[in-house]
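# Descriptive structure summary
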Amino acid sequence: MSQAQAKKPHLYEVDLMRACIILGVICVHVLSSFNVRTPDGSWMDVSSGILMMTFHFTREAFMFITGLVLFYTYYDRPFTATSFWKKRFLLIAIPYIAWTAIYILFQGTFLKGFEWTWPYLVHTFLTSLATANQYFLYFLLVSMQLYVVFPLMVRWLKRSERHHRAIVVVAFFLEIGILIWNQASLQFVNVYQLPAWLRILVRYRDRDIFTYEFWFIAGALFAIYYPRLKNWAMAHARALLWAWCGMWCVLIGIYFLNRDVFHLTGGQIVDTLQPVMVPYSLAVALLLWRIGLGWQARRAKGRMPRASRVIRFFGGVSFGIFLIHPIALRFVELLADQIHTSLAVQYAMLPIWIALTYMSSGVAAYFIGKIRFVGYIVGEKAGLPKSPARKAASSAAG
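Residues numbered from 1 in each chain as written. Predicted model: local features only at pLDDT ≥ 70, side-chain atom pairs only at ≥ 80, totals over all residues. Heavy atoms only, no water.

An unreviewed UniProt entry lists the protein chain under the name Acyltransferase, from Alicyclobacillus mali. Under the UniProt heading Sequence similarities (unreviewed entry), the entry covering the protein chain gives this text: "Belongs to the acyltransferase 3 family." UniProt lists a comment for the protein chain under the heading Subcellular location (unreviewed entry), and it reads "Cell membrane". (UniProt positions renumbered as here; feature names shortened; annotations may be inferred.)

Structure follows, in structure tokens:
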């Protein structure tokens, strides 16, 4: 491996994207927790629903930057499938197994009727590993599916360089078609009337790599043509901002269409797996990326030092925040329940609970990551010495 290949520049702009996206995740989950208390059709119900839909770009955006960083790191350097799988699965399988167990035990502390028996615990653990049904671990399961096919994707995209534009267009419209199918049909299917194998595919379609195929392909092609796209984005900041504004207006229209015309209810109205989320999430991801590029340009000149430290901190611990925040949110909810006041006041306090969940999860992820070997559960290899080659590889894109 050449020195140039080993020392790719760190994508600081992706740090900002990660920090913002994980904040959006927490916003969705705090709003969702509050929304169940609001009367249907009230101004709080509608406005919190619109906010939830606004922040529901996070799943797709995380898939996008996962593909981007992987291809940025590996596309133009030699690697073997075996070495790639060994490194990547070690970093994600350990957190997946560990947090599956942690969440099961954590739920046992507050769920009524929880069975503290070995047969039940083992059955629940194995089922959870197979289905990623513990909180939001679906992202790790989908990522592992991507790791399996990643070497084949690299070979495919290298051999089809003349058709990259057609590939991303087809992937985009295929994604739209998948989500139309989901919204118009799959979400209304009674899975218990299906054969067992089909029941699993339909019920857990939100953790299937094919559901997110566009985001991984888009991230891959974004990485391949990164310098060219970066130059374009730096010259078209306003276009990206107006694209987001336009898509947000469309999103709000879809919210009321789902609610008042299609008469969808609850989570169906704000479901992230609906067609409008494809162009909307792409617009948000590109806008965040452009903001990140602007921040990186200022950071490189020594400006915004305090803000830069905050962005890099939360960007660096974003994976840990994703894993820890359901537990932090549980304690924040218990704290919020001690404040007996009107719903309107509780609504006004949501930014406080969002900030508290975000910061406490970030601090916890940071300190867990510093514990030798335990840091593996938040994606950190604390306590393990690095060879010069590993140091260079880890500094490339993260």
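Text resumes after the structure shown.
## Some thoughts on the overall build of the protein chain
When helices and strands are tallied, the protein chain shows 18 helices and zero strands. What you see for the protein chain is a C-alpha radius of gyration of 21 Å, in line with the 21 Å of a compact globule of 398 residues. Counting across all 398 residues of the protein chain, residues that qualify as buried make up 49%. For the protein chain, long-range pairs separated by at least 24 residues make up 81% of all intrachain contacts whose partners lie at least 6 apart in sequence. (Helix = DSSP H or I, 4+ residues; strand = E, 2+ residues; numbered from the N terminus. Rg over C-alpha atoms; globule rule 2.2 N^0.38 Å. Buried < 20%, exposed > 50% of the residue type's maximum accessible area, 1.4 Å probe, protein only. Contact = heavy atoms within 4.5 Å.)

## Points about the pattern of salt bridges
One pass over the full model with this rule turns up six salt bridges. Between Asp15 and Arg18 there is a salt bridge whose closest N-O contact spans 3.9 Å. Separated by three residues within a single helix, Asp15 and Arg18 lie in helix H2 (residues 12-35), roughly one turn from each other. Among the ionic contacts, a cluster of salt bridges with common partners joins Asp15, Arg18 and Arg312. (Salt bridge = Lys/Arg side-chain N within 4 Å of Asp/Glu carboxyl O.)

## Here's the deal with the nonpolar core
Within the largest apolar cluster, 108 residues are counted, with the highest numbers of intra-cluster contacts made by Phe64, Phe71 and Trp99. In terms of residues, this core owes the most to one element, helix H7 (residues 138-159), which gives 12 residues. With residues up to four places along the chain from it excluded, the contact list for Phe64 reads Met17, Trp215, Ala218, Gly219, Phe222 and Ala285. (Core = buried A, V, L, I, M, F, W, Y, C linked by side-chain atoms within 4.5 Å.)

## Concerning the packing of aromatic side chains
This structure, assessed with the given rule, holds 36 aromatic pairs. When the centroid spacing of 6.3 Å and the interplanar angle of 65° are considered together, the rings of Tyr135 and Phe136 count as edge-to-face. Taken together, a centroid distance of 4.6 Å and an interplanar angle of 80° make the contact between Phe222 and Trp289 edge-to-face. Here the residue Phe222 occupies a position in helix H10 (residues 213-224), and Trp289 occupies one in helix H13 (residues 277-300), the gap between them amounting to 67 residues. The burial state of Phe222 is the same as that of Trp289; both residues are buried. Members of the aromatic cluster, joined through ring pairs, are Phe71, Tyr74, Tyr75, Phe79, Phe84, Phe89, Tyr147 and Phe150. It is Lys158 that lies over the ring of Tyr75; its NZ or CZ is 5.4 Å from the centre. One residue, Arg299, lies across the ring of Tyr12, its end atom 3.7 Å from the ring centre. (Phe/Tyr/Trp six-rings, centres within 6.5 Å; stacked < 30°, edge-to-face > 60°. Lys NZ or Arg CZ within 6 Å of the ring centre and 35° of its normal.)

## As for the UniProt feature "domain: Acyltransferase" (unreviewed entry) in the protein chain
As recorded in UniProt, the feature "domain: Acyltransferase" (unreviewed entry) lies at residues 12-364. In residues 12-364, helix accounts for 76% and strand for 0%; the two terminal C-alpha atoms are 23 Å from one another.

## Describing the environment of Leu141
Mapped onto the elements of the fold, Leu141 is located in helix H7. Judged by relative accessible area, Leu141 falls into the buried class, the value being 16%. Sequence-wise, Leu141 and Ile200 are 59 residues apart; in three dimensions their C-alpha atoms are separated by 15 Å. Not counting residues within four places of it along the chain, the set of residues in contact with Leu141 comprises Tyr96, Ala130, Thr131, Ala132 and Arg207.

## Re helix H8 (residues 164-184)
With 21 residues, H8 should cover 30 Å at 1.5 Å per step; its first-to-last C-alpha distance of 30 Å lies within 8% of that length. Taken as a whole, H8 has its buried residues at His164, Ile167, Ala171, Phe172, Glu175, Ile176, Leu179, Asn182 and Gln183. Contacts from the buried residues of H8 go to H7, H10, helix H12 (237-261) and H13. (Expected span 1.5 Å × (residues − 1).)

## Description of the side chain of Arg205
You can see Arg205 is positioned in the loop between helix H9 (196-203) and H10. Buried within the structure, Arg205 lacks any salt-bridge partner; Asp271 is the closest side chain of opposite charge, at an N-O distance of 5.7 Å. Here Arg205 is in contact with Asn182, Leu186, Gln187 and Thr211, once residues within four sequence places are set aside. (Lys, Arg positive; Asp, Glu negative; His and termini not counted.)

## Description of the environment of Met277
Looking at where Met277 falls in the secondary structure, it is placed in helix H13. Dropping the residues within four chain positions of it, Met277 is found in contact with Met53, His56, Phe57, Glu60, Trp215, Leu251, Asp271, Thr272 and Leu282.

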